[in-house]
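As a plain string of letters, each chain reads:
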Amino acid sequence: MDKTAESPRASALDPLDLYGVRATLADEERLVQDSVARLVDAEVLPVIQRCFEEHRFPQELIPQLAALGLLGSSIQGYGCAGLNSICYGLICQELERGDSGIRSFVSVQSSLCMYPIFSFGSEEQRQKYLPRMARGELIGCFGLTEPHGGSDPANMKTHARKRGRDWVLNGAKMWITNGAIADVAVVWAMTPEGIRGFLVERGSPGFTAPEIQHKFSLRASITAALYFDNVVVPETQVLPGVIGLKGPLGCLTQARYGISWGVIGAAQACLKQLLDYTATRALFGRPLAQNQTIQVRLADMARRITTAQLLALQLGRLKDAGALQPAHVSLAKWNNCRMALDIARDCRDMLGGAGISAEYVPIRHMLNLESVITYEGTETIHQLSIGRELTGLNAF
Ligand code: TGC
Ligand code: FAD
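Numbers given for residues are sequential positions, taken from 1 along each chain in its written order. Whichever chain is written first is A, and whichever ligand is written first is 1; the rest continue in order. Given that this is a predicted model, residues contribute local features only at a pLDDT of at least 70 and side-chain atom pairs are listed and counted only at 80 or more, while totals for whole chains, interfaces and linings are drawn from all residues. With hydrogens and water excluded, all non-hydrogen atoms of the structure serve as input to the side-chain values.

(A) Examining empty space enclosed by the protein more closely. In this analysis the probe radius is 1.4 Å and the grid spacing 1 Å, with only protein atoms considered; a cavity is a set of points the probe fits into but cannot get out of, a pocket is an open set with protein on both sides within 12 Å along at least five of seven lines, and lining residues have an atom within 4 Å of a point. Grid points are joined across faces, edges and corners, and a volume is the space filled by probe spheres set on the points. As enumerated under the stated definition, the model contains 1 cavity of 30 Å³ or more in all. Surrounding the largest cavity, Leu144, Thr145, Glu146, His148, Gly149, Gly150, Asp152, Pro153, Asn155 and Met156 form its lining. Considered class by class, the residues forming the lining of the largest cavity number 3 nonpolar, 5 polar and 2 charged. As a working rule, the residues Ala, Val, Leu, Ile, Met, Phe, Trp, Tyr, Cys and Pro are called nonpolar, Asp, Glu, Lys and Arg charged, and the rest polar, with Gly in that last group.

Quick look at the structure:
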């Protein structure tokens, strides 16, 4: 029998959800996923390629993200949606299907700014910031990384000293998402008591936040440096609820959780485009998809996306059960970012020359994922964290 160029048989399975994860979701979870998916299809996908090319964050989308309840979505009260962790994961997944920069914006606002204000802030601080942040009227950023080395935040040079009833802040932060547009920066600084969190408002004398230019990654996201030159911060702007590195690391656990889901969306977007492309591009008298090595590569992508989905789902169940440990999150962040980056790179290759064009999504996702695998703890940092958990020995 001639096996060349045969018509494809329809599959009963969803190629982007082979194990039917969606079918296991609660109605509310599916509803949240669908409404974010609609927003991404209608508002993000039509503009994102151009934003990436122009190195521009589509700030005009903020009101729509807020209107859907996507800012601080896990927080109860203060005008926030109070959704469960699976919903937060699905929000990140759908947003990152559009672009990692949009998911980054929501991660930083929700997990790195609203979460610490909610968890470690005074009631006055919560009332002052959270409702307006949920409505997208105030934008936040999170300053932990410093120019001399982000992987080891315990070696923090930015410091604050008490002067009367105020604090005086000096130092620098580097690679700060949303930094140049933020109304309030959650800044971690060394004090005589240990590392503390400071809420520094835009326009404070001595505080500047220049945008970092020339990025080849996350071009549809704003990244800035933060400089503090004798910035006076009133005691009322210090987070009273935490002292020590466990404050910022606790925030990172929330954001890394969201990233573990988010990158699945980026990988799905790449695989979806490749399934279409390889089905219609004919070489040597048959569709590209009818070659064994192409099918092996596509199957491997589906295998890796499926394992990442199941991992993220269990991570969410652990989180909602209050059983989440930092090592669980490190494993998922490492596995899922590596999965997504490898898939984006392989999809880029299978597109041939077209793969270098921004008119196809893999190269944009690939370039973005180079940041995603680096920020919130590099791959090595997460591997060493798991190694420490397994052996009880600290190799940092
Ligand atoms: P270590 O001794 O392990 O811990 C110090 C204290 O913190 C506690 N802790 C955690 N708490 C909550 N969640 C976690 N994940 C935690 N990990 C540790 C720990 O129990 C301890 O508490 P206590 O009470 O005993 O004091 O600290 P270490 O100095 O050995 O560092 C460990 C290491 C290397 C894992 C940590 O420094 C690290 O994670 N480094 C990577 C830094 C990082 O991820 N930076 C990210 C910056 S923010 C960012 O990238 C945002 S991008 C956002 C976007 O655009 O989406
Ligand atoms: P370094 O810490 O200097 O690491 C350099 C290399 O050394 C890495 O490969 C690392 O894995 C390796 N390494 C480090 N330690 C070890 C070791 N013990 N053994 C072996 N190898 C090791 N930070 C914020 O605080 N807020 C933000 O909003 C934010 N947004 C970001 C947005 C973007 C686009 C990017 C790129 C970064 C962002 N970051 C942010 C910073 C990010 O978290 C850091 O880049 C990251 O933590 C790594 O720090 P570093 O760049 O200083 O690299």
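Back to the write-up after that little detour.
(B) Seen up close, the domain arrangement of the protein. By the assigned domains, the protein splits into domain 1 (22-134), domain 2 (140-237) and domain 3 (246-391). Boundaries of every domain are those given by an automatic assignment or by a domain database. Centre-to-centre, using C-alpha coordinates, domain 2 lies 30 Å away from domain 3. Throughout, the accessible surface (probe 1.4 Å) given up by two parts as they are put together, summed over both, is called the buried area. The contact between domain 2 and domain 3 buries some 770 Å² in all, and 74% of this surface belongs to carbon and sulfur atoms. One side-chain nitrogen of Lys or Arg within 4 Å of one carboxyl oxygen of Asp or Glu is enough to make a salt bridge. Between domain 2 and domain 3 we count 0 salt bridges in total.

(C) Broad picture of the environment of Ser7. Mapped onto the elements, Ser7 comes out in the segment before α1 (27-54). Classification of Ser7 as exposed rests on a relative accessible area of 62%. Taking the C-alpha atoms as reference, Ser7 lies 72 Å from Arg161; in sequence the two are 154 residues apart. Helix and strand definitions here come from DSSP, where helices need a minimum of 4 consecutive H or I residues and strands a minimum of 2 consecutive E residues; each element is numbered from the N-terminal end. Here the term buried applies to any residue with accessible area under 20% of the maximum for its type, exposed to any over 50%, and partly exposed to those in between, with areas from a 1.4 Å probe on protein chains only.

(D) Fine view of the side chain of His55. In this structure, His55 sits in the loop between α1 and α2 (62-67). For His55, a relative accessible area of 17% puts it in the buried group. Here a polar contact is recorded for every N or O atom pair within 3.5 Å, except that within protein the pair must consist of a potential hydrogen donor and a potential acceptor, and residues adjacent in sequence are included only if both atoms are side-chain atoms. A polar atom in the side chain of His55 sits 3.4 Å from the backbone nitrogen of Lys215. Contacts were defined at the residue level, with two residues in contact if any of their heavy atoms lie within 4.5 Å. Not counting residues within four places of it along the chain, the set of residues in contact with His55 comprises Glu211, Ile212, Gln213, His214, Lys215 and Arg219.

(E) Structural context of the pattern of salt bridges. Inspection of the entire model under this criterion finds 24 salt bridges. Residue Arg22 is joined to Asp34 by a salt bridge in which the shortest nitrogen-to-oxygen separation is 3.0 Å. Of the two residues, Arg22 sits in the segment before α1 while Asp34 sits in helix α1, which places them 12 residues apart along the sequence. The class of Asp34 is partly exposed, set by a relative accessible area of 27%. Across the pair Arg97 and Asp41 runs a salt bridge, and its minimum N-O distance is 3.1 Å. Of the two residues, Arg97 is situated in helix α3 (residues 85-98) and Asp41 in helix α1; the sequence distance between them amounts to 56 residues. Residues joined in a network through salt bridges with shared partners are Arg50, Glu54, Arg56 and Glu60.

(F) Geometry of the site of ligand 2. Of all residues adjacent to ligand 2, which total 17 residues, the nearest are Thr145, Gly150, Ser151, Trp175 and Thr378. A distance of 2.6 Å separates an oxygen atom of ligand 2 from a polar atom in the backbone of Gly150. In this structure, Trp175 approaches ligand 2 through a main-chain N or O atom, which is 2.7 Å from a nitrogen atom. For a cavity or pocket, the test is whether more than half of a molecule's atoms lie within 2 Å of its grid points; if they do, the molecule sits there. Placement of ligand 2 is best described as lying within the largest pocket. Elements supplying a minimum of two residues to the shell around ligand 2: β5 (166-177) and α10 (379-391). In terms of residue count, β5 provides more of the shell around ligand 2 than any other element does, 3 residues in total. The residue inventory of the shell around ligand 2, partitioned by class, reads 7 nonpolar, 9 polar and 1 charged. Viewed by domain, the shell around ligand 2 spans two of them, domain 2 (140-237) and domain 3 (246-391), each represented by three or more residues. To be near a molecule or strand, a residue needs just one of its heavy atoms within 4 Å of it.

(G) Focus on the site of ligand 1. Lining the immediate surroundings of ligand 1 are 27 residues, of which Thr177, Arg256, Glu376, Gly377 and Arg388 lie closest. Contacts to ligand 1 include Arg388, whose side-chain N or O atom sits 2.7 Å from an oxygen atom. Note on areas: Shrake-Rupley with a 1.4 Å probe; residue coverage comes only from the protein chains shown. When ligand 1 is considered free in solution it has 1,200 Å² of accessible area, and contact with the protein chains removes 72% of it. Put simply, ligand 1 lies in the largest pocket. Counting residues per element, the ones that place at least two in the shell around ligand 1 are α4 (100-120), α6 (246-280) and α10. With 6 residues, α6 is the single largest residue contributor to the shell around ligand 1. Looking at side-chain class alone, the shell around ligand 1 contains 12 nonpolar, 10 polar and 5 charged residues.

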